[in-house]
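A look at the structure
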Amino acid sequence: MSDTIFHKIVRREIPATIVYEDEHLIAFRDIAPQAPVHVLFVPKETIATLNDVREDQAHIVGRLAHAAAEYAKREGFAEDGYRIVMNCNANGGQTVFQIHLHLLAGAPLGGFGR
Ligand code: AMP
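Procedures and definitions
- Residues numbered from 1 in each chain as written.
- Predicted model: local features only at pLDDT ≥ 70, side-chain atom pairs only at ≥ 80, totals over all residues.
- Heavy atoms only, no water.
- Near = heavy atom within 4 Å.
- Polar contact = N/O pair within 3.5 Å; in protein donor to acceptor, adjacent residues only side chain to side chain.
- Areas by Shrake-Rupley, 256 points an atom, 1.4 Å probe, with all protein chains shown as cover.
- Helix = DSSP H or I, 4+ residues; strand = E, 2+ residues; numbered from the N terminus.
- Nonpolar A, V, L, I, M, F, W, Y, C, P; charged D, E, K, R; others polar.
- Pairing = 2+ DSSP bridges.
- Core = buried A, V, L, I, M, F, W, Y, C linked by side-chain atoms within 4.5 Å.
- Buried < 20%, exposed > 50% of the residue type's maximum accessible area, 1.4 Å probe, protein only.
- Contact = heavy atoms within 4.5 Å.
- Axes fitted to C-alpha atoms, helices over the stretch in contact; angles between N-to-C directions.

What follows concerns the site of the ligand. The full set close to the ligand counts 17 residues, and Asp30, Asn87, Thr95, His100 and His102 are the nearest of them. Gly93 places a main-chain nitrogen or oxygen 2.9 Å from an oxygen atom of the ligand. Computed on the free molecule, the ligand has an accessible area of 500 Å², of which 85% lies beneath the protein chains in the complex. Among the elements of the structure, helix H1 (5-10) and strand S2 (25-29) are those that each provide at least two residues to the shell around the ligand. Residues belonging to the shell around the ligand are distributed by class as follows: 9 nonpolar, 6 polar and 2 charged.

Turning to the pairing of strand S1 (residues 18-21), a few remarks are in order. In this structure, S1 lies alongside S2, joined through 3 bridges in antiparallel fashion. Within S2, the position partnered with Glu21 by the bridge is Ile26. Between S1 and S2, which pair antiparallel one after the other, the connecting turn spans 3 residues.

Counting residues in hydrophobic clusters, the biggest one holds 14 residues, and the most contacted among them are Val37, Val39, Phe41, Tyr71, Phe77 and Leu103. For this core, the secondary-structure elements that each account for two or more residues are S2, strand S3 (37-43), helix H2 (58-75) and strand S5 (101-105). Ranked by residues supplied to this core, first place goes to H2 with 5 residues. Discounting chain neighbours no more than four positions away, the residues touching Phe77 are Val37, Tyr71, Ala72, Tyr82, Leu103 and Ala105. Listed in part, the 7 residues of the second largest apolar core include Phe6, Ile26, Phe28 and Val96.

Glancing now at the environment of Glu13. Note on placement: Glu13 falls in the loop between H1 and S1. Judged by its relative accessible area of 48%, Glu13 falls in the partly exposed class. Side-chain polar atoms of Glu13 contact the side chain of Arg11, separated by 2.7 Å.

Note: strands within a sheet are paired through backbone hydrogen bonds, in either parallel or antiparallel orientation. Across the sheet, 5 strands lie side by side as S1-S2-S3-S5-S4; this open sheet has antiparallel pairing. The open sheet has two edge strands, S1 and strand S4 (82-85), and neither has a second partner. On average, each strand axis in the sheet is inclined to that of its neighbour by 20°, with strand direction left out of account. With 4 bridges joining them, S4 and S5 adopt antiparallel strand pairing. Paired with Val85 across the bridge in S5 is His102. Relative to the sheet, H2 contacts S1, S2, S3, S4 and S5, its axis offset from that of S3 by approximately 145°.

Here we take up the side chain of Gln98. Note on placement: Gln98 falls in the loop between helix H3 (89-92) and S5. Among the polar contacts listed, one links the side chain of Gln98 to the backbone oxygen of Pro43, at a separation of 2.9 Å. Once residues lying within four places of it in the same chain are set aside, the contact partners of Gln98 are Thr4, Phe6, His7, Val42, Pro43, Glu45, Thr46, Ile47 and Ala48.

Now the structure itself:
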């Protein structure tokens, strides 16, 4: 079973600014923010990459997106908008091998088809 820095955050073995947690997932501020708001949503179930999500685990990814949207609403930037990103493996730029969703917000974000 893989053990990543995110597992250590869940176990409170290393510090993080946790902004949300429930029985299924944890959310905390990215240590190297790429936007004014940059929060990572991480499931508590161990899954290394998006490639490893089985059909019976698809709801776990949905939960991450739902939690991110709820956070955006609570924090008051849902209507202004935001971006969610999941990186997979080398070409996707994945560096931590426990799936996670990036929530980026707080300013207009460039790129992607513009
Ligand atoms: P990825 O490149 O998609 O695997 O994203 C991993 C993210 O985790 C990067 O944006 C890092 O800045 C972030 N990160 C790494 N270590 C920590 C940490 N200890 N606390 C918070 N974020 C972290």
